[in-house]
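The primary structure of each chain is shown beneath.
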Number of protein chains: 2
Amino acid sequence: MIDRIDRRILSILQEDSTVPVAEIGRRVGLSTTPCWRRIQKMEEDGVITRRVAVLDPKKVNAKVTAFVAITTNEHTDDWLRKFADVIREFPEVVEFYRMAGQVDYLLRVAVPDIDAYDDFYKRLIAKVNIADVSTSFAMEQIKYTTELPLSYIVAEKPKANMS
Amino acid sequence: MIDRIDRRILSILQEDSTVPVAEIGRRVGLSTTPCWRRIQKMEEDGVITRRVAVLDPKKVNAKVTAFVAITTNEHTDDWLRKFADVIREFPEVVEFYRMAGQVDYLLRVAVPDIDAYDDFYKRLIAKVNIADVSTSFAMEQIKYTTELPLSYIVAEKPKANMS
DNA sequence: ACTGAAATTAATTCATC
DNA sequence: GATGAATTAATTTCAGT
């Protein structure tokens, strides 16, 4: 499925997607065409989902992160679907998880400051009924990466060898 | 600093950085050259920090997210520097925040399953001394985006404004 | 599956207004 | 500051092994 070479290609593209295909090929010991084909296939297969520009949170005035732990009394699929639809409308919510344990949902919210968070919070609870909310603020983002670990990729199936 | 047109360009590039400059120009009502110049400038200014390929967590076998809340007794700058260096070596840690409130640090860790998290955890505590650790697992990632909200950008005319 | 070259399309520069 | 053409560099296709 994803072999060693693919993994090295992914590692390069996760770090910098502007590296030319010919250069990626050179680094992994492949000429342009097969390297391009591998990238193409990983896009078709949905391994690579998108290529995006990453912005500096400070420069766009959204450097404060709030983690919002939400507990609710409603646990139906229908409620979650509605809740998720509301959440998706808020560009401030950059991550949204359904949790195991006491907390039901966790949001990561990107805002300029505490006041803007407070405003966001009011707009949120006006749209959706949530029982209990607990917010924690991050003082500093020490590490943030879109790069996923590639070491857990399941090893390529050994090819059947005739002869 | 960042005007309405820049903002629209950022919005496009945050969503899909493969859109050709000529097409971006067309969408924002600009011809290729000035549009290209604006993008170039935003890269120089550090507004756009990088262009990356985003992968599907399921496809690379890292779909489980663990949130690790860490409390420590050591609060010196030196300890944090060392701690941060250790953390940066773990590709499983995709986000790392210094928090306000009871919890000192929060990690988001990407792993295939609970067993892999346990292994990661052992490797982590072997490298760094942390007093209290509380882990919560996400059952489902309902929303994840690298797109930051652009509505908080302050459109400033005057020059010489840092960060 | 890969190579190397050709064809196509995009990025980048430049002359000009 | 913007435009449109010219140039450079990349992507994508194709013939051959």
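Residues numbered from 1 in each chain as written. Chains lettered and ligands numbered in written order. Predicted model: local features only at pLDDT ≥ 70, side-chain atom pairs only at ≥ 80, totals over all residues. Heavy atoms only, no water.

### Digging into the interface of chain B and chain A
Rules: Throughout, a residue-residue contact means that at least one pair of heavy atoms, one from each residue, lies within 4.5 Å. When two parts are brought into contact, each loses some accessible area as probed by a 1.4 Å sphere; the total of that loss over both is the buried area. Under the rule applied, a polar contact is a pair of N or O atoms within 3.5 Å (in protein, one hydrogen donor and one hydrogen acceptor; residues adjacent in sequence only if both atoms are side-chain atoms). In this text, helices come from DSSP runs of H or I with a minimum length of four residues, and strands from runs of E with a minimum of two, each type numbered from the N-terminal end. Each residue gets one of three labels, nonpolar for Ala, Val, Leu, Ile, Met, Phe, Trp, Tyr, Cys and Pro, charged for Asp, Glu, Lys and Arg, and polar for the others, Gly among them. Note: two strands are recorded as paired if DSSP finds a minimum of 2 bridges between them.
Taken residue by residue, the interface counts 69 residues in chain B and 69 residues in chain A. Carbon and sulfur atoms make up 59% of the surface buried where chain B meets chain A, a total of about 6400 Å² over both sides. For chain B, the biggest contributors to the area lost against chain A are B:I142, B:K143 and B:Y152; these three give 12% of the whole. Where chain B meets chain A, there are 45 residue pairs in polar contact (both at pLDDT 80 or more). For the side of chain B that touches chain A, the leading source of residues is strand β5 (residues 132–144) of chain B, giving 9 residues. Residue classes in the side of chain B that touches chain A are distributed as 41 nonpolar, 12 polar and 16 charged. Alignment of strand β3 (residues 93–99) of chain A against β5(B), held across 5 bridges, turns out to be antiparallel.

### Points about the environment of A:S151
Looking at where A:S151 falls in the secondary structure, it is placed in the segment after β5 (132–144). Spatially, the C-alpha atoms of A:S151 and A:R7 are 8.8 Å apart, while their sequence positions differ by 144 residues.

### A word on the UniProt feature "domain: HTH asnC-type" (unreviewed entry) in chain A
Quick note on the threshold: UniProt positions are given in the numbering used here, feature names are shortened, and annotations may be inferred rather than shown by experiment.
Taken from the UniProt record, the annotation "domain: HTH asnC-type" (unreviewed entry) applies to residues 2–63 of chain A. Helix makes up 53% of residues 2–63 of chain A and strand makes up 13%, while its end C-alpha atoms are separated by 36 Å.

### Comments concerning the relation of the copies chain B and chain A
Stated formally: A least-squares superposition brings the copies together, and it is based on the C-alpha atoms of residues with pLDDT no lower than 70 in both.
In the superposition of chain B on chain A (RMSD 0.2 Å, axial shift 0.0 Å), the rotation amounts to 180 degrees. Here the copies are linked by what is in effect a two-fold axis. Among all C-alpha atoms of chain B, that of B:V52 lies closest to the rotation axis, at 2.8 Å. Here 99% of the contact residues of chain B are again contact residues in chain A; the copies associate through an equivalent surface.

### What to know about the sheet that holds β5(A)
Going by this rule: Only the stretch in contact is used when fitting a helix axis, every axis being a line fitted to C-alpha atoms; angles between N-to-C directions are given from 0 to 180 degrees.
The 8 strands lie next to each other as β2(A)-β4(A)-β3(A)-β5(B)-β2(B)-β4(B)-β3(B)-β5(A), forming a closed barrel whose pairing is antiparallel. Neighbouring strand axes in the sheet, compared pairwise and without regard to direction, differ in orientation by 35 degrees on average. As paired elements, strand β2 (residues 64–71) of chain A and β5(A) share 7 bridges and run antiparallel to each other. Bridged to A:A66 within β5(A) is A:F137.

### Let's talk about the packing of aromatic side chains
Stated formally: For Phe, Tyr and Trp, where Trp contributes only its six-membered ring, two rings pair if their centres lie within 6.5 Å, and the inter-plane angle classes them as stacked under 30 degrees, edge-to-face over 60, or tilted in between. Type-normalised accessible area, obtained with a 1.4 Å probe on protein chains alone, sets the label of each residue: buried when under 20%, exposed when over 50%, and partly exposed for intermediate values.
Enumeration according to the criterion identifies 21 aromatic pairs over all chains in this entry. Taking the centre distance of 5.1 Å and the plane angle of 75 degrees together, the rings of A:F67 and B:Y97 count as edge-to-face. Of this pair, A:F67 sits in strand β2 while B:Y97 sits in strand β3 (residues 93–99), placing the two residues on different chains. For A:F67, a relative accessible area of 5% translates into the label buried. Geometrically, the ring pair formed by B:F96 and B:Y105 is tilted, given 5.8 Å between the ring centres and 55 degrees between the ring planes. This pair shows no difference in class: B:F96 is buried, exactly as B:Y105 is.

### Structural notes on the protein's contact with DNA strand C
What counts, and what does not: Any residue with a heavy atom lying within 4 Å of a molecule or strand is counted as near it.
In the vicinity of DNA strand C, the residues found are A:L30, A:S31, A:T33, A:P34, A:R37, A:R38, B:P20, B:V21, B:T32, B:T33 and B:W36. Of all DNA strand C atoms lying within 4 Å of any protein atom, the proportion belonging to sugar or phosphate reaches 65%. B:V21 has a polar backbone atom sitting 3.0 Å from a phosphate oxygen of DNA strand C. In the model, a phosphate oxygen of DNA strand C is placed 2.6 Å from a nitrogen or oxygen of the B:W36 side chain. Counting only elements with at least two residues in the surface near DNA strand C, the list comes to α3 (32–44) of chain A together with α3 (32–44) of chain B. A breakdown of the residues in the surface near DNA strand C according to their chemical character gives 5 nonpolar, 4 polar and 2 charged.

### Some words on the packing of helix α1 (residues 4–15) of chain B against α3(B)
Residues and elements named next belong to chain B. To keep things clear, this is the line we draw: Roughly parallel here means an angle under 35 degrees, roughly antiparallel means over 145, roughly perpendicular means 65 to 115, and every remaining angle is called oblique.
Two elements in contact, α1 and α3, have axes separated by 11 Å at closest approach and are oriented at 80 degrees. Taken together, the axis directions place α1 and α3 in an arrangement best described as roughly perpendicular. Residues I5, D6, I9, L10 and L13 of α1 pack against C35, R38, I39 and M42 of α3. Among the residues making up the contact of α1 with α3, the classes are represented as 7 nonpolar, no polar and 2 charged.

### Considerations on the protein's contact with DNA strand D
Close to DNA strand D lie A:P20, A:V21, A:T32, A:T33, A:W36, B:L30, B:S31, B:T33, B:P34 and B:R38. Take A:V21: an N or O atom from its main chain is 3.0 Å from a phosphate oxygen of DNA strand D. At 2.7 Å from a phosphate oxygen of DNA strand D is found a side-chain nitrogen or oxygen belonging to A:W36. When contributions to the surface near DNA strand D are tallied by element, the ones reaching two or more residues are α3 of chain A together with α3 of chain B. Considering only residue class, the surface near DNA strand D consists of 5 nonpolar, 4 polar and 1 charged.

### With respect to the confidence of the model for chain A
This is how it is decided: Known as pLDDT, the predictor's per-residue confidence is scaled from 0 to 100.
Chain-level pLDDT for chain A is 93 on average; 95% of the residues reach the 70-or-more range. Taken as a whole, residues 159–163 of chain A scores under 50 in pLDDT and shows 0 contacts with residues more than four places along the chain or in a different chain.

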